[in-house]
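The primary structure of each chain is shown beneath.
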Amino acid sequence: MPRAIPQQQLLDSINAGQLKTDLPVLDVGDTVNVHFRIVEGDKERVQVFQGTLISRSGRGLNEMMVVRRIVDEVGVERIFPVHSPMVARYEVIRRADARRAKLYYLRDRAGKSRRLRDRRRGMKHVAAPSA
């Protein structure tokens, strides 16, 4: 008599085939380019949305990320499903140092206080590994 597979394991095995495997390391605070496929009628094009990754939530197929950018002094946020087939690819432009998991406080900032500190800052004092 075959053993029953727990329901959650069954769901995870079905979803595992739809997860993307070529994802770069995307951390909160990074400036990212999201290449998103847009279908208009019978034509398809790729539109790039560049902004700061301010939050990630969920896990597996349900994982979402919020990317924020400023257009004409107005903040624009888009929510992208991380493993969506409509996302062609992700590109990390700049890594930033964020001390918290959600950067919602950036919504209230304007000007230079909106900038995040670069993660490479201070790396010049670290000795390079010897070969």
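Numbers given to residues run from 1 along each chain, matching the order in which its sequence is written. Note on the predicted model: pLDDT of at least 70 is required for a residue's local features to be given, and 80 or more for side-chain atom pairs to be given and counted; whole-chain, interface and lining totals, by contrast, use all residues. Water and hydrogen atoms play no part in the side-chain values, which are based on all heavy atoms of the structure.

With that settled, consider the sheet that holds strand β2 (residues 43–57). Two strands pair under a simple rule: DSSP has to find at least two bridges between them. In DSSP terms, a helix is any run of H or I states spanning at least four residues, a strand is any run of E spanning at least two, and both are numbered starting from the N terminus. As summarised here, the arrangement of the five strands in space is β4-β3-β2-β1-β5, forming an open sheet in which the pairing is antiparallel. In this open sheet, the two strands that pair with only one neighbour each are β4 (74–81) and β5 (87–94). Looking at each pair of strands side by side, their axes are set apart by 40° on average, direction ignored. The axes used here are C-alpha line fits, helices contributing only the stretch in contact, and every angle between their N-to-C directions lies in the interval 0 to 180 degrees.

Side-chain atoms within 4.5 Å are what join buried Ala, Val, Leu, Ile, Met, Phe, Trp, Tyr and Cys residues into a set we call a nonpolar core. For the exposure calls, accessible area comes from a 1.4 Å probe over protein chains only, and a residue counts as buried if that area is under 20% of its type's maximum, exposed if over 50%, partly exposed in between. Counting residues in each nonpolar core, the largest one holds 13 residues, and the members touching the most others are Leu-26, Val-34, Met-65, Val-67, Phe-80 and Tyr-90. Of all the elements in the fold, those that place two or more residues in this core are β1 (31–40), β2, β3 (64–71) and β5. Broken down by element, this core gets its largest block of residues, four residues, from β1. Aside from chain neighbours lying at most four places away, what touches Met-65 is Leu-26, Val-34, Leu-53, Ser-55, Arg-56, Arg-78, Ile-79, Phe-80, Val-82 and Tyr-90. In what follows, a contact means two residues having at least one pair of non-hydrogen atoms within 4.5 Å.

With that settled, the discussion passes to the environment of Tyr-90. With respect to the helices, strands and loops of the structure, Tyr-90 is situated in strand β5. A relative accessible area of 8% places Tyr-90 in the buried class. Between the alpha carbons of Tyr-90 and Thr-31 there is a distance of 11 Å; along the sequence they are 59 residues apart. Not counting residues up to four positions away in its chain, the partners in contact with Tyr-90 are Leu-23, Pro-24, Leu-26, Asn-33, Val-34, Met-65, Pro-81 and Val-82.

Turning next to the side chain of Glu-63. Note that Glu-63 resides in the loop between β2 and β3. With a relative accessible area of 14%, Glu-63 lands in the buried category. When sequence neighbours within four positions are dropped, the list of residues in contact with Glu-63 reads Arg-56, Ser-57, Gly-58, Phe-80, Pro-81, Val-82 and His-83.

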